[in-house]
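Chain residues, written in single-letter form:
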Amino acid sequence: MIIVKLGGSVISNKDEPFSFNEEAVKNIAEEISSFYPEKKFVIVHGGGSYGHPLASKYKIREGMGGIERMIGTSITHQAMLELNGKIIDIFLSKALPAFSVSPSSIFIMKAGKIAYGNIKVIMELVERGFIPVLFGDVCLDEEKGIDILSGDNIISYLEEKMDVEKVIFLMDVDGIYDKNPEEEDANLIENIDEYISIDSSIKKFDVTGGIENKIKEAMNMRCRVYFINGFMRGNLSKAIEGKKVGSIKEADKSYKSHQPL
Ligand code: ADP
Ligand code: IPE
């Protein structure tokens, strides 16, 4: 089973509220359709300009805070359902049996991580040939009451609990760079393991915000992880086929996906 993360930076323009990159999602669905049903997939998408502005407007990461924040939590969840619906519709139009699974209905968080998860439904959907489509969402939290659960954290959890062949992160840049890619002298890191082993510290990357968490989560995964540009046609197919593209973190030597489906 392959997990594909449709980054918020690919499916929407983060600077334009409620924008949706229909073309990019169509291309991604088309590439996936040429491998389905031989390969099994779980899709996780980000919040982009649907989730992030609302999550910060209602200060959801600060936890429970009265009726206004509760309403805001529901509004944010509904916005994510709207974005999720657009993605599902495109997959269905490409004859892919995408099936929406709300993370807030199956996970509970604690201290920024998933503390409880009921993923039996996801496993059984995959077994029957469906393509579960999850997303960064609002989430109940054991201490704060509520929090935001990122798609990247969901992927870490699924990778730990399921038999995952590889994880592919689709981003708006070509992969992981040695510093912020906006800087002129930034270099793409093709083999993350080699780079990390030089000083074995994640801090070696000059990273900002979401990308730091993404790299940390990936380094803890057992399977092979790709970071690729989701706007370049053919990239996703190359990653699915196991070819060299973007940045790669190799699978742990002791890890073997039991059923490389
Ligand atoms: P997504 O929304 O695709 O899940 P993020 O927005 O969290 O991803 O992270 C991708 C962004 O991180 C890119 O747009 C890039 O500009 C930024 N970034 C900052 N530092 C780095 C780095 N060292 N390597 C790659 N991207 C980086
Ligand atoms: C964020 O999910 C979800 C909400 C803000 C509700 P992610 O953290 O996975 O989203 P992106 O990929 O960074 O946009």
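See the structure printed just above.
Predicted model, so just to flag it, every value in this text is computed and none were measured.

## What to know about the nonpolar core
Item 1. Counting 37 residues, the largest nonpolar core has Ile-3, Val-42, Phe-107, Ile-122, Leu-134, Leu-158 and Val-167 as the members making the most contacts within it.
Item 2. Among the secondary structure elements, those contributing two or more residues to this core are strand 2 (41–45), strand 4 (107–110), helix 6 (120–127), helix 7 (151–161), strand 9 (166–171), helix 8 (192–199), helix 9 (210–219) and strand 10 (224–229).
Item 3. Excluding residues that lie within four positions of it along the chain, Ile-3 makes contacts with Val-42, Val-44, Ile-155, Leu-158, Glu-159, Val-164, Lys-166, Val-167 and Ile-168.
Item 4. One finds Ile-11, Leu-83, Val-133 and Ile-168 within the second-largest nonpolar core, a separate group that totals 34 residues.

## Re the site of ligand 2
Item 1. For ligand 2, the set of nearby residues contains 17 residues, the closest of which are Lys-5, Gly-8, Gly-47, Gly-48 and Gly-151.
Item 2. His-52 places a side-chain nitrogen or oxygen 3.1 Å from an oxygen atom of ligand 2.
Item 3. In the model, an oxygen atom of ligand 2 is placed 2.7 Å from a nitrogen or oxygen of the Gly-151 main chain.
Item 4. Contact with the protein chains covers 91% of the free accessible surface of ligand 2, which is 400 Å².
Item 5. Of all the elements in the fold, those that place two or more residues in the shell around ligand 2 are helix 3 (48–57) and helix 4 (67–93).
Item 6. Per-element tally for the shell around ligand 2: the top contributor is helix 3, with 4 residues.
Item 7. Considering only residue class, the shell around ligand 2 consists of 3 nonpolar, 11 polar and 3 charged.

## Things to note about the site of ligand 1
Item 1. In the neighbourhood of ligand 1, 20 residues make up the surrounding shell, with Ser-9, Lys-14, Asp-172, Tyr-177 and Lys-214 lying closest.
Item 2. Between ligand 1 and Lys-179 there is a distance of 3.5 Å, counted from a nitrogen atom to a backbone nitrogen or oxygen.
Item 3. For ligand 1, whose free accessible area comes to 570 Å², the fraction covered by protein is 89%.
Item 4. Residue assignment for the shell around ligand 1 shows that the elements contributing at least two residues are helix 1 (8–11) and helix 9.
Item 5. When residues of the shell around ligand 1 are assigned to their parent elements, the largest contribution, 3 residues, is made by helix 9.

## A word on a nonpolar patch on the surface
Item 1. On the surface, Met-64, Ile-67, Met-70, Ile-71 and Ile-75 cluster together to form a nonpolar patch covering roughly 470 Å² of accessible area.
Item 2. Its relative accessible area of 47% is what places Ile-71 among the partly exposed residues.

## Some details on the layout of surface pockets
Item 1. Volume-wise, the second largest pocket comes out at about 270 Å³.
Item 2. Forming the boundary of the second largest pocket are Lys-113, Ile-114, Asn-153, Ser-156, Tyr-157, Glu-159, Glu-160, Lys-216, Glu-217, Asn-220, Met-221 and Arg-222.
Item 3. Of the residues forming the lining of the second largest pocket, the biggest block, 5 residues, is contributed by helix 7.
Item 4. Residues that form the lining of the second largest pocket fall into these classes: 3 nonpolar, 3 polar and 6 charged.

## Digging into helix 9
Item 1. All buried positions along helix 9 are accounted for by Lys-214, Ile-215, Glu-217 and Ala-218. Buried positions in helix 9, seen along its axis, are confined to an arc of 165° and lie on one side of it.

## Concerning the sheet that holds strand 1 (residues 2–6)
As a general point, the strands of a sheet are linked pairwise by backbone hydrogen bonds and lie either parallel or antiparallel.
Item 1. As summarised here, the arrangement of the 7 strands in space is 3-6-2-1-9-10-11, forming an open sheet in which the pairing is mixed. Each edge of the open sheet is held by one strand with a lone partner, namely strand 3 (98–100) and strand 11 (247–249). The sheet shows a mean angle of 20° between the axes of neighbouring strands, direction not considered.
Item 2. Note that strand 9 and strand 10 share 6 bridges and pair parallel. From the neighbouring strand, Met-171 faces strand 10, where its bridge partner is Asn-229.
Item 3. Of the strands in this sheet, strand 2, strand 3 and strand 6 (131–135) touch helix 6, which is tilted by about 145° from strand 6.

About the thresholds
Residues numbered from 1 in each chain as written. Chains lettered and ligands numbered in written order. Predicted model: local features only at pLDDT ≥ 70, side-chain atom pairs only at ≥ 80, totals over all residues. Heavy atoms only, no water. Core = buried A, V, L, I, M, F, W, Y, C linked by side-chain atoms within 4.5 Å. Buried < 20%, exposed > 50% of the residue type's maximum accessible area, 1.4 Å probe, protein only. Helix = DSSP H or I, 4+ residues; strand = E, 2+ residues; numbered from the N terminus. Contact = heavy atoms within 4.5 Å. Near = heavy atom within 4 Å. Polar contact = N/O pair within 3.5 Å; in protein donor to acceptor, adjacent residues only side chain to side chain. Areas by Shrake-Rupley, 256 points an atom, 1.4 Å probe, with all protein chains shown as cover. Nonpolar A, V, L, I, M, F, W, Y, C, P; charged D, E, K, R; others polar. Patch = residues over 30% accessible without salt bridge, like charges linked within 9 Å, V, L, I, M, F, W, Y side chains within 5 Å. Salt bridge = Lys/Arg side-chain N within 4 Å of Asp/Glu carboxyl O. 1 Å grid on protein atoms, 1.4 Å probe; cavity = no way out; pocket = protein on both sides within 12 Å on 5 of 7 lines; lining within 4 Å. Points joined across faces, edges and corners; volume = space filled by probe spheres on them. Arc of directions from axis to C-beta. Pairing = 2+ DSSP bridges. Axes fitted to C-alpha atoms, helices over the stretch in contact; angles between N-to-C directions.

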